[in-house]
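Listed here are the chains, written in short residue letters.
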Amino acid sequence: RGGVAAEAAFLARATELTPDPRHRGPRALAAARAQLDAGAPDEASELLAVAEACPLAELQEAQLPRLHARIAFARSRGSDTPPLLLDAARRLEPLDAGLARETYLDALGAAIFAGRLAGRSGVDQVAEATRRAPPGPQPPRTMDLLLDGLTTRFTDGYAAAVPPLRRALEALRNQDGTARDHLRWQWMACRIASELWEDEIWDELAIRHVRAAREAGALAVLPLALTYRSGTHVHAGEFAAAEALIQESDAITRSIGA
């Protein structure tokens, strides 16, 4: 009820108050995840160090490199992040196929950001690795539709990707846009909508993304949401509104040390 920052503070305090390392490790892992979503990558790193010092189950152990990679992406959006996420996804495959696919989607997003600087872990290479990954659950989750559509986009080309990407957009429009994972990936849906020339869907999803990120206090994703919302203003010729959102995005980015 209190938003992402309140959740992060609660879980961090729970970690501090837990003397048994068997319970402290998993709580530190959950707290690190929440701190990252709240836009506190430094605090997330400290909590990951606590988790690493505790005994963890195999699946929890495999989540550590994933969170390290997500922290790196939050800090820099750099070209070093895609291979880290790709390695984390492969490690998760035999343990949790669903979480592995989520990590592949993170890797694709990071490769999109890195662009031509991604080197040997660019969108083409990540998409090929994703194609070889275990299939998603049935019925597919929204993120599975996003992942399959983007994989098709970068392996088979634009025309082949239009139908699956449209299905992903429709799924996003027809569900609750406030869920934590949906917040993290909605910028990709805005990008997809713009590439499909679906301006109304882009506008709708961007408005929802900003509103949901604000309400949750999700500072890790709010700058992205503001940027994609500003893009709709630019296309409408509303430059003052776009500039205001870009300035807000820049201010938040500086405040969280990204």
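The shown structure was predicted, so the numbers you read here are calculated from the model rather than taken from an experiment. Each chain has its residues counted from 1, running along the sequence as written. Reporting of local features is limited, given that this is a predicted model, to residues whose pLDDT is at least 70; pairs of side-chain atoms are given and counted only at 80 or more, and all residues count toward the totals for whole chains, interfaces and linings. Side-chain numbers here rest on the full set of heavy atoms in the structure, without hydrogens or water.

Peer 1: Where do I start with helix α3 (residues 41-52) in this structure?
Peer 2: One turn of an α-helix holds 3.6 residues; hence residues three or four places apart share an orientation. The terminal C-alpha atoms of α3 lie 16 Å apart, and with 12 residues this matches the ideal 16 Å at 1.5 Å per residue to within 8%. Taken together, the buried positions of α3 are Pro 41, Ala 44, Leu 47, Leu 48 and Ala 51. End-on view of α3: buried residues confined to an arc of 115°, all on one side of the axis. We call two residues in contact whenever any of their non-hydrogen atoms come within 4.5 Å of each other. Under the scheme used here, helices are H or I runs from DSSP no shorter than 4 residues and strands are E runs no shorter than 2 residues, and both carry numbers assigned from the N terminus. Considering only its buried residues, α3 is in contact with α1 (3-16), α2 (21-37) and α4 (58-76). For a helix, the expected span equals 1.5 Å multiplied by the residue count minus one. In this scheme, a residue with accessible area under 20% of its type's maximum is buried, one over 50% is exposed, and one in between is partly exposed, where area comes from a 1.4 Å probe on protein chains only. In this description, one arc is meant: the one made by directions from the helix axis to the C-beta atoms.

Peer 1: Just checking my understanding: could you explain the nonpolar core for this structure?
Peer 2: Taken as a class, soluble globular proteins show a tendency for nonpolar side chains to be buried jointly. In plain words, nonpolar cores are sets of buried Ala, Val, Leu, Ile, Met, Phe, Trp, Tyr and Cys residues tied together by side-chain atoms within 4.5 Å. Membership of the largest hydrophobic core comes to 43 residues, with the highest contact counts inside it found for Tyr 104, Leu 105, Leu 146, Leu 150, Leu 169, Ile 192 and Leu 205. For Leu 205, the contacting residues outside a window of four places in its chain are Leu 169, Leu 172, Arg 173, Gln 186, Ala 189 and Cys 190. Ranked by size, the runner-up nonpolar core spans 33 residues in total, among them Leu 36, Leu 47, Leu 56 and Ala 212.

Peer 1: Help me out: how do you make sense of the pattern of salt bridges in this one?
Peer 2: Once the charged atoms of two side chains with opposite charge are near each other, the side chains can pair. The term salt bridge refers to a pairing of a side-chain nitrogen on Lys or Arg with a carboxyl oxygen on Asp or Glu at a separation within 4 Å. For the structure on display, the rule yields 21 salt bridges. For Arg 66, the salt bridge is made with Asp 106, and the minimal N-O distance between the two is 3.7 Å. Taken together, the residues Arg 66 in helix α4 and Asp 106 in helix α6 (residues 97-114) connect sequence positions 40 residues apart. Across the pair, Asp 106 and Arg 66 agree in class, each one buried. Two residues, Asp 144 and Arg 141, come together in a salt bridge whose shortest N-O distance is 2.7 Å. The exposure class of Asp 144 is buried, given its relative accessible area of 1%. Residue classification places Arg 141 among the partly exposed positions, given a relative accessible area of 27%. Taken together, the salt bridges that share partners define one network made up of Arg 66, Arg 101, Glu 102, Asp 106, Arg 141, Asp 144, Asp 148 and Arg 184.

Peer 1: Looking at this structure, I do not really get the packing of aromatic side chains. What am I missing?
Peer 2: Pairs were defined over the aromatic rings of Phe, Tyr and Trp, the Trp ring being its six-membered one, requiring ring centres within 6.5 Å. Orientation was assigned from the angle between planes: stacked under 30 degrees, edge-to-face over 60, tilted for the rest. Enumeration over the complete set of coordinates arrives at three aromatic pairs. Consider the rings of Phe 73 and Phe 113, whose centres lie 5.5 Å apart with planes at 75°: the pair is edge-to-face. Residue Phe 73 is found in helix α4, and its partner Phe 113 is found in helix α6; the two are separated by 40 residues along the sequence. Residue class for Phe 113 comes out partly exposed when judged on its relative accessible area of 32%. Cluster of aromatic residues (ring-pair linked, three or more members): Phe 73, Phe 113, Trp 187 and Tyr 228.

In short, geometric facts, not functional conclusions.
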